[in-house]
Amino acid sequence: MTDTEITRQEEHATEVEIIRKDLKAARNKGKGPLLGAFFRLSGPGFMQSALSLGGGSLAASLYLGILGGTEFLWLQPMASLTGIVMLCAVSYVVLSTGENPFNILNDHIGPVVAWGWLLGAGVASLVWAFPQFSLATAVIRVNLLPELLGEDGLFETGTSQLIIVLVIALVCISMVWAYDAGIKAAKRFDLFLKALIAIMFLSFFGVLVRVLFEGGGVAWS
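Here the structure is a predicted model, which means the values were calculated and not measured. (Residues numbered from 1 in each chain as written. Predicted model: local features only at pLDDT ≥ 70, side-chain atom pairs only at ≥ 80, totals over all residues. Heavy atoms only, no water.)

Regarding the packing of aromatic side chains
Phase 1 of the analysis: For the structure shown, the criterion picks out 1 aromatic pair.
Phase 2 of the analysis: On the basis of an interplanar angle of 80° and a centroid distance of 5.0 Å, the ring pair of Phe102 and Trp115 is categorised as edge-to-face. With a gap of 13 residues between them, Phe102 in helix α6 (residues 101-108) and Trp115 in helix α7 (residues 111-144) connect regions that are remote in the sequence. (Phe/Tyr/Trp six-rings, centres within 6.5 Å; stacked < 30°, edge-to-face > 60°. Helix = DSSP H or I, 4+ residues; strand = E, 2+ residues; numbered from the N terminus.)

As for the pattern of salt bridges
Phase 1 of the analysis: For the structure shown, the criterion picks out 2 salt bridges.
Phase 2 of the analysis: Among the ionic pairs, Glu17 bridges to Arg20, the shortest N-O distance being 4.0 Å. Taken together, the residues span about one helical turn, with Glu17 and Arg20 both in helix α1 (residues 3-29) at a distance of 3 residues.
Phase 3 of the analysis: Accessibility expressed as a relative area gives 38% for Glu17, which makes it partly exposed.
Phase 4 of the analysis: Note on Arg20: relative accessible area 55%, which makes it exposed.
Phase 5 of the analysis: Where Arg141 meets Glu151, a salt bridge forms, and the shortest distance between an N and an O atom there is 3.7 Å. Of the two residues, Arg141 is situated in helix α7 and Glu151 in the loop between α8 (146-149) and α9 (157-179); the sequence distance between them amounts to 10 residues.
Phase 6 of the analysis: Taking relative accessible area as the criterion, Arg141 reaches 10% and is therefore assigned buried. (Salt bridge = Lys/Arg side-chain N within 4 Å of Asp/Glu carboxyl O. Buried < 20%, exposed > 50% of the residue type's maximum accessible area, 1.4 Å probe, protein only.)

A closer look at the packing of α6 against α7
Phase 1 of the analysis: Packing of α6 against α7 brings their axes to within 7 Å, and their N-to-C directions diverge by 155°. Judged by the angle between their axes, α6 and α7 are roughly antiparallel. Residues Pro101, Phe102, Leu105 and Asn106 of α6 form the contact with α7, whose own contacting residues are Pro111, Val113, Ala114, Trp115, Trp117 and Leu118.
Phase 2 of the analysis: When grouped by side-chain class, the residues that make up the contact of α6 with α7 number 9 nonpolar, 1 polar and no charged. (Axes fitted to C-alpha atoms, helices over the stretch in contact; angles between N-to-C directions. Parallel < 35°, antiparallel > 145°, perpendicular 65-115°, else oblique. Contact = heavy atoms within 4.5 Å. Nonpolar A, V, L, I, M, F, W, Y, C, P; charged D, E, K, R; others polar.)

Section: the side chain of Ser160
Phase 1 of the analysis: Position of Ser160 among the secondary structure elements: in helix α9.
Phase 2 of the analysis: Overall, Ser160 belongs to the buried group, its relative accessible area being 0%.
Phase 3 of the analysis: In terms of polar contacts, Ser160 uses its side chain to reach the side chain of Arg141, at 3.1 Å.
Phase 4 of the analysis: Ser160 has contacts with Arg141, Leu149 and Phe155, leaving out every residue within four places of it along the chain. (Polar contact = N/O pair within 3.5 Å; in protein donor to acceptor, adjacent residues only side chain to side chain.)

Structural notes on α6
Phase 1 of the analysis: For α6, the full list of buried residues reads Phe102, Ile104 and Leu105. Buried residues along α6 cover an arc of 165° about the axis, so they all sit on one side. In α6, those exposed residues whose orientation departs by more than 90 degrees from the buried face are Asp107 and His108.
Phase 2 of the analysis: Tucked inside the fold, the buried residues of α6 contact α5 (75-97) and α7.
Phase 3 of the analysis: Positioned one or two residues after α6, Gly110 has a phi angle of 155°, which is positive. (Arc of directions from axis to C-beta.)

This is how it looks when you write it as structure tokens:
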């Protein structure tokens with residue numbers, strides 16, 4: 001184990017102890033302060049919850065609807081339940097040991113399982129990322145910067161798409177590196193994620209309110 005890994009494990013142990021004390025103090029104050037403490041300490045789960053509102057899930061659901069109609073309605077909740085179980089298992093192991101999931105699988109189960117898990121996670125991430133890049137590119141070219149990167153902008157279609165995709169990729173890579181830099185950087189990253197999720201939630205809620213009151217109503221039936 002390297003010095004960096006040892007330092008991170010020490011930081012992790014210290015942070016866990018601080019969190020335990022905060023939760024214990026909040027629990028003694030009542031349910032309200034306890035819920036506030038859990039909300040304050042929650043992190044990337046906010047982003048994971050928001051993934052169900054992303055373009056990837058939308059595209060997958062529409063495609064399944066085209067293929068099978070209502071016959072595949074059971075698949076989405078089943079997939080969500082499977083994802084919850086998997087995330088709970090991974091988070092339990094990681095928080096209990098403070099080690100990387102790949103190292104845990106490789107050391108205690110076997111390299112075949114470890115590399116299989118890594119390959120599966122990579123493929124799933126790519127499959128999820130493709131629609132996100134497509135959706136983000138369309139939003140930037142059509143809604144945000146049509147004069148600069150749109151159809152009649154300064155660049156050709158392929159060039160503008162490449163610029164957008166590269167910028168998004170650089171931002172995402174920078175965020176991952178910042179999150180891996182230490183606990184303080186991770187907290188700042190978590191706050192940034194919470195702000196993004198709040199904006200997404202308010203945007204969806206605002207659209208719903210506008211459709212209800214300005215779109216002539218909604219036929220709920």
